[in-house]
Amino acid sequence: MILNLKLLEYSLSSLWRRKEKNLALVSVYALVIATLGSVLLLTHALKTEALMTLTAAPEIVVQRTLGGRHELIPIAYARTISEFPGVGRVTPRVWGYYYDSLVKANLTLIGIEGYHEQLELLEGRFPQAPDECVIGAGVADAFGPQIGDFLVLEDSSKRRSEFRVSGIFRSASNLLTNDLVVVQEAALREFFAMPAELATDLTVQVYNSREVGTIAKKISYLLPDSRPITRDELLHTYDSLFNWRSGMMLAVFVSALMAFLILAWDRATGISAEERREIGILKALGWETSHVLGAKLREALLLSLTAFMAGLLLAWWHVFVLGAPLLMPLLKGWSVLFPEFDLPPVVDLYQLAVLGCVTIIPYLACTLIPAWKAASSDPDDVMRG
Amino acid sequence: MILHPGILALLFSSTLILLLLLIAGGVALRIVRHWNSASGSATQLQLERQTWLVATLLKYVIGFQIITLFLLLFTLDEIHPLFVGAMCATGSLNANLVGWLVLLIKIGLVFAGAMWLALNYLDQRTEDTPLVRMKYLLLLLLIPLVALDLWLQWEYFSGLRPQMITSCCGSLFSAEGEGVISTLAGLPVKQGVPRFFAVVVLYAVLLLANLRWRAVVLRNLLFVAAVLLFFASLAALVSFLSLYIYQLPSHQCPFDMLQGHYYYIGYPIYLGLFMATLFALLPGLCRPLATTNSLQQELERIEPVWLRLALFGLMLFLVSSCWQMVFGPLQLLGS
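The residue count restarts for each chain, going from 1 along the sequence in the order it is written. Throughout, the order in which chains and ligands are written sets their labels, letters from A for the former and numbers from 1 for the latter. Per-residue local features are limited, in this predicted model, to residues with pLDDT of at least 70; the limit for side-chain atom pairs, both in listing and counting, is 80 or more; totals at the level of whole chains, interfaces and linings are taken over all residues.

Asker: Is there a simple way to think about the overall build of chain B in this case?
Answerer: Counting from the N terminus, the helices are DSSP H or I runs at least four residues long and the strands are E runs at least two residues long. Looking only at helices and strands, one finds eleven helices and zero strands in chain B. Overall, chain B shows an N-to-C arrangement of helices and strands of α-α-α-α-α-α-α-α-α-α-α. Two things to know: the radius of gyration comes from C-alpha atoms, and the globule rule equals 2.2 Å times the number of residues to the power 0.38. Over its C-alpha atoms chain B spans a radius of gyration of 22 Å, differing by no more than 12% from the 20 Å that the globule rule assigns to 335 residues. Taking the principal axes of its C-alpha atoms as reference, chain B extends roughly 70 × 50 × 30 Å. Burial is judged by counting other C-beta atoms within 10 Å of a residue's own C-beta: 20 or more means buried, 12 or fewer means exposed, and anything between counts as partly exposed, with every C-beta placed from the backbone. In chain B, which comprises 335 residues, the share counted as buried stands at 43%. Across chain B, contacts joining residues at least 24 apart in sequence account for 75% of those joining residues at least 6 apart. Here, residues touch in the contact sense if the C-beta positions derived from the backbone fall within 7 Å of one another.

Printed below as a string of structure tokens:
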């Protein structure tokens, strides 16, 4: 125990004596860790955000396809589905996208009907007249209207429609409401010129989560032109997508790691004459090979733990404080036009374990043999030069 | 599936482990061929220095191997939502049955590596290091195992097809299933509990007897008891201890207890079991090897330490795994 502490003390002082050299190494190392860490933290945060959004999603969404493309679905389908045993409410949804060429932003317009219970209002109230709307925080920032002001949009025949803002959203998940504009369903049908007997899709509530798969099968059997999408399928898809993306990025950045490892190897091998003398003196004073080796390995461990901490802090700051400006465009990949949404600052142990395995283990492995070479040198040879 | 960050990390570290071990193996081969402790030649001096390198490499390899074992379990838990019907790490393993082999080989490697380190410790404490040849021959045997580990991991992860329907732990470990594991899990609690505690008592008595007397027979019996304890405990964990830990009469997963929502209780459980098994195996294992005087002396000195560590491991395992059985609200056995 005492020996361990003494060796640790020696390692610390030895690191401190060569602080410029070690600082340079730690900063490069920390930068590599920060890069890899940013990828892991960011994808984890995005995954958490997406999962938070999806927990509020309906059990099954039924779309209609025509020629392999998404089509409007007849509301009559809802009646067929609601007659299945185990099915709760079947709600036709009316929604669509709207591109505003002035602000260069995509908005999601939703007709209000059984949707508002999932969203908490920041301020104001839900639309009660056809010319009222509730907007997401991102829309309010981009377009600038506040409660009581007008939001001006062009409808499908390029006519100007005005909606008075009656409330602004804030939801647990920003991704969900950021670009949202909610108006009454009838008003939205008129805006999109959508026929009354059609809807964009249907949401199906299933009481027992174990029956979701069976009901989805039944739907596609009885309504062959429909495409039921279960929430689990969505979750899998998001999960695999984010895993794949972060794995891809990681694989790309591993080349940076390799370059760093070569640097570390080189540095550890190219031991200076001064260090060599020092080891010689230590051995002449009665240190055993194992002591010198232990001190050297402790140095490597201290160095990599310091760099790991620094790199992790740097990654945290980059992702959660700055919003990952360097990685966001590569990883996010869907057309979000308000990149300033706050990522939930979640870090779990698993991400840290993966990061540690990818960065600390190779560094330690890399410095092991040089450390042994240095430690096993003959004091006599070394002192003579 | 390969491009999952955790899987990349696993494959990457396993490759590194293999590389380190190959380096150690190269040195070991030279030592086996040229070792001559009587000689004072330059080669012998160099070889003696290289034993330090091999020992350190092996320490790192074992350390990394333990880390990757846990990373594997974490990764299995992390990827289970990708498989329909999988609810925990067991589901991920069932998605491609090679996974069970990977787990088995990783656990085996941790045990084998720890035993090697114990042997090495014993040998290095003596002046004449009589075990050198054997030690390094055994080391060479580890290399194919590690290579197999890497290859099986590759097979497992590349064979995973997300969204495949797998049977979850609920059905695998239920009484209707076939095979060893479900037979174990299907054991009625009423029979399982006394059997498990009978093995524990047998082990504990032998351990205490070993602490008191030095007969070789006792060491050998303890060796057998330790093997028995290891498998009986795993069976008990799957068949009834897990039920108490999760407080659910249907949840029999041996991996979920490593997760945060069960307060990481699995770590003391498995650490305790590992210690109780390993340190009880060592005396029985080392006795036949202690052919020289120096080794025997060293062994006499270290044996009590090992046995006490085993006792500590047993207590740690029993307290952390049976705590809920004694004090928890769930009752499986009628009063």
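On we go.
Asker: Before we go on, may I ask you to explain the packing of helix 10 (residues 289–321) of chain A against helix 2 (residues 42–79) of chain B in this structure?
Answerer: When two helices pack together, their arrangement is given by the angle between the helix axes and the distance between those axes. Every axis corresponds to a line fitted to the C-alpha atoms, with the helix fit spanning only the stretch in contact, and the corresponding angles, defined between N-to-C directions, vary from 0 to 180 degrees. Between helix 10 of chain A and helix 2 of chain B, the shortest axis-to-axis distance is 11 Å and the interhelical angle comes to 40°. By the criterion of interaxial angle, the relationship of helix 10 of chain A to helix 2 of chain B is oblique. Crossing of helix 10 of chain A against helix 2 of chain B: the hand is right-handed. The residues of helix 2 of chain B that touch helix 10 of chain A, namely those facing Thr289, Ser290 and Leu293 of chain A, are Arg49, Trp52 and Thr56 of chain B. Polarity classes work like this: nonpolar for Ala, Val, Leu, Ile, Met, Phe, Trp, Tyr, Cys and Pro, charged for Asp, Glu, Lys and Arg, and polar for all others, with Gly in that last group. For the contact of helix 10 of chain A with helix 2 of chain B, the per-class residue count stands at two nonpolar, three polar and one charged. We call two directions roughly parallel when the angle between them is under 35 degrees, roughly antiparallel when it is over 145, roughly perpendicular when it lies between 65 and 115, and oblique otherwise. Handedness of each helix crossing follows the sense of rotation of the near helix against the far helix: counterclockwise by less than a right angle gives left-handed, clockwise gives right-handed.

Asker: Quick question: what am I supposed to make of helix 4 (residues 98–125) of chain B here?
Answerer: Given 3.6 residues per turn, any residue in an α-helix points the same way as the ones three and four places further on. Taking 1.5 Å as the rise per residue, helix 4 of chain B with 28 residues should run 40 Å; its terminal C-alpha atoms sit 41 Å apart, in good agreement. Buried residues along helix 4 of chain B sit against helix 2, helix 3 (89–95), helix 5 (132–159), helix 10 (266–286) and helix 11 (293–327) of chain B. How far a helix is expected to stretch is found by multiplying one less than its residue total by 1.5 Å.

Asker: Just to check I follow, could you spell out the domain arrangement of chain B for this structure?
Answerer: When the parts come together, some accessible area is lost, and that loss is often what is quoted as the size of the interface. Residue and element names in this part refer to chain B. Segmenting chain B into domains produces domain 1 (1–167) and domain 2 (173–335). Note that domain bounds follow an automatic or database assignment of domains. A C-alpha centroid distance of 24 Å is found between domain 1 and domain 2. Counting residues at the interface gives 17 residues for domain 1, matched by 16 residues for domain 2. Elements supplying a minimum of two residues to the side of domain 1 that touches domain 2: helix 2, helix 3 and helix 4. Counting residues per element, the side of domain 1 that touches domain 2 draws most heavily on helix 4, which supplies six residues. Class assignment of the residues belonging to the side of domain 1 that touches domain 2 gives a composition of eleven nonpolar, two polar and four charged.

Asker: I would appreciate a short explanation of the domain arrangement of chain A in the present structure.
Answerer: Partitioning chain A into structural domains gives domain 1 (2–53 + 237–384) and domain 2 (60–230). A straight line from the C-alpha centre of domain 1 of chain A to that of domain 2 of chain A covers 47 Å.

Asker: Can you help me understand the confidence of the model for chain A in this one?
Answerer: Low-pLDDT portions of the prediction should not be read for the details of their coordinates. Scored between 0 and 100, pLDDT is the confidence that the predictor attaches to each residue. Looking at chain A as a whole, its pLDDT mean stands at 83, while 92% of the residues score no less than 70. When the criterion is pLDDT under 50, residues 335–340 of chain A qualifies, and its contacts beyond four places in sequence or with other chains add up to ten contacts.

Asker: Teacher, can you tell me more about the interface of chain B and chain A here?
Answerer: Contacts between the two partners involve 26 residues from chain B and, on the opposite side, 28 residues from chain A. Sorting the residues of the side of chain B that touches chain A by element identifies helix 1 (5–34) and helix 2 of chain B as the ones contributing at least two each. The element best represented in the side of chain B that touches chain A is helix 2 of chain B, accounting for eleven residues. Per-class residue counts for the side of chain B that touches chain A are 19 nonpolar, five polar and two charged.

Asker: Got a minute to help me understand helix 12 (residues 349–375) of chain A in this structure?
Answerer: The seven residues ending at a residue and the seven starting there each receive a fitted axis; the angle between those axes is the bend at that residue. Largest kink in helix 12 of chain A: about 30°, centred on Gly356 of chain A. Helix 12 of chain A sits mainly inside the fold: 20 of its 27 residues count as buried.

Asker: I tried to follow the confidence of the model for chain B on my own but got confused; where do I start?
Answerer: All names here are of chain B. Of the residues in chain B, 91% have a pLDDT of 70 or more, and the chain-wide mean is 86. Across chain B, the element-wise mean pLDDT spans from 47 in helix 6 (residues 169–172) up to 93 in helix 10. Throughout residues 174–178 the model reports pLDDT below 50, and contacts reaching past four residues in sequence, or to other chains, amount to six contacts. Reported confidences for the modelled complex are a pTM of 0.84 and an ipTM of 0.86.

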